[in-house]
Amino acid sequence: GVHILSLKDGSVLFSSNARKRFLPASNMKLLIGAVALERFGPDFRFETPVYGEGTIDAQGRLLGNLVIAGRGDPNLEGRIYDPQQEELTPQDIPNSLAQIAAQLVDRGVRSIVGDVVADETLFLHEQTSKH
């Protein structure tokens, strides 16, 4: 569980399963979580831009590629935490992708005549060398 208090006034900033005991995880996750909370704030939400490379015809077909631009949203992975099982379990369709699909339908897209492209250009990749 987690229980985060303000160092200024001791107020509870966030609490989830605070009294439940878990096996300890990596301490680095705690540091990264604290820095993310400090840098981004408690109301930060990841955004995953989705672009259509083409037009939508009268039948609701996107005539071109659909590009999903990765921005680091951990929810796109498709695993959820089930407190009853105490593990991450895969979802058939992650909620975040279902929300993207619903937003496309709201904009009139019924099908895609093209590819679904994952754009990961925001992230640096290490050079691989051939041996």
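In the block above lies the structure referred to throughout.
Residues numbered from 1 in each chain as written. Predicted model: local features only at pLDDT ≥ 70, side-chain atom pairs only at ≥ 80, totals over all residues. Heavy atoms only, no water.

Draft legend 1. Quick peek at the packing of aromatic side chains. What the rule picks out here adds up to two aromatic pairs. On the basis of an interplanar angle of 25° and a centroid distance of 4.6 Å, the ring pair of Phe40 and Phe44 is categorised as stacked. With relative accessibility at 34%, the residue Phe44 sits in the partly exposed group. A ring pair is formed by Phe44 and Phe46, whose centres lie 5.2 Å apart and whose planes are at 80°; its orientation type is edge-to-face. By relative accessible area, Phe46 is classed as partly exposed at 37%. One aromatic cluster is present, formed by Phe40, Phe44 and Phe46 through successive ring pairs. (Phe/Tyr/Trp six-rings, centres within 6.5 Å; stacked < 30°, edge-to-face > 60°. Buried < 20%, exposed > 50% of the residue type's maximum accessible area, 1.4 Å probe, protein only.)

Draft legend 2. Up close: the pairing of strand E3 (residues 50-56). Bridge analysis of E3 against strand E4 (residues 61-69) gives seven bridges, and the strand direction is antiparallel. Pairing of Ile56 across the sheet is with Leu62, part of E4. Where E3 hands over to E4, the hairpin turn is made up of four residues, of which Gly60 adopts a positive phi near 80°. (Pairing = 2+ DSSP bridges. Helix = DSSP H or I, 4+ residues; strand = E, 2+ residues; numbered from the N terminus.)

Draft legend 3. View of helix H1 (residues 27-40). In a regular helix each residue adds 1.5 Å, so 14 residues correspond to 20 Å; H1 covers 20 Å between its end C-alpha atoms and thus fits that length. Along H1, only zero of the 14 residues are buried, which leaves the element largely exposed. In the segment just after H1, Gly41 is the residue with positive phi, at about 90°. (Expected span 1.5 Å × (residues − 1).)

Draft legend 4. Main features of a nonpolar patch on the surface. Together, Met28, Leu31, Ile32 and Val35 make up an exposed nonpolar region whose accessible area comes to about 380 Å². The topology assignment puts Val35 in helix H1. (Patch = residues over 30% accessible without salt bridge, like charges linked within 9 Å, V, L, I, M, F, W, Y side chains within 5 Å. Areas by Shrake-Rupley, 256 points an atom, 1.4 Å probe, with all protein chains shown as cover. Salt bridge = Lys/Arg side-chain N within 4 Å of Asp/Glu carboxyl O.)

Draft legend 5. Region of interest: the pattern of salt bridges. A complete count under the given rule lists one salt bridge for this structure. In this structure, Asp57 engages Arg61 in a salt bridge whose closest nitrogen and oxygen atoms are separated by 2.6 Å. Arg61 sits in the partly exposed class, given a relative accessible area of 35%.

Draft legend 6. Summary view of unusual backbone geometry. The phi dihedral of Asn17 falls on the positive side, at around 50°, and the residue is not glycine. Its place among the elements puts Asn17 in the loop between strand E2 (12-16) and H1.

Draft legend 7. The environment of Arg19, seen in detail. Relative to the elements of secondary structure, Arg19 occurs in the loop between E2 and H1. Spatially, the C-alpha atoms of Arg19 and His3 are 8.9 Å apart, while their sequence positions differ by 16 residues.

Draft legend 8. How the structure looks around the environment of Gly54. With respect to the helices and strands, the residue Gly54 is situated in strand E3. Sequence separation between Gly54 and Gly114 is 60 residues, and the spatial gap between their C-alpha atoms is 9.2 Å. Residue contacts for Gly54: discarding those within four places in its chain leaves Leu62 and Leu63. (Contact = heavy atoms within 4.5 Å.)

Draft legend 9. Representation of the nonpolar core in the model. Leu62, Leu66, Ile100, Leu104 and Val109 together form the largest nonpolar core, which totals five residues. For this core, the elements supplying multiple residues, two or more each, are E4 and helix H2 (95-106). Not counting the four nearest positions on each side in its chain, Leu66 is found in contact with Val50, Tyr51, Leu104, Ile112, Asp115, Val116 and Val117. (Core = buried A, V, L, I, M, F, W, Y, C linked by side-chain atoms within 4.5 Å.)

Note that all results are geometric; they support no functional claim without further evidence.
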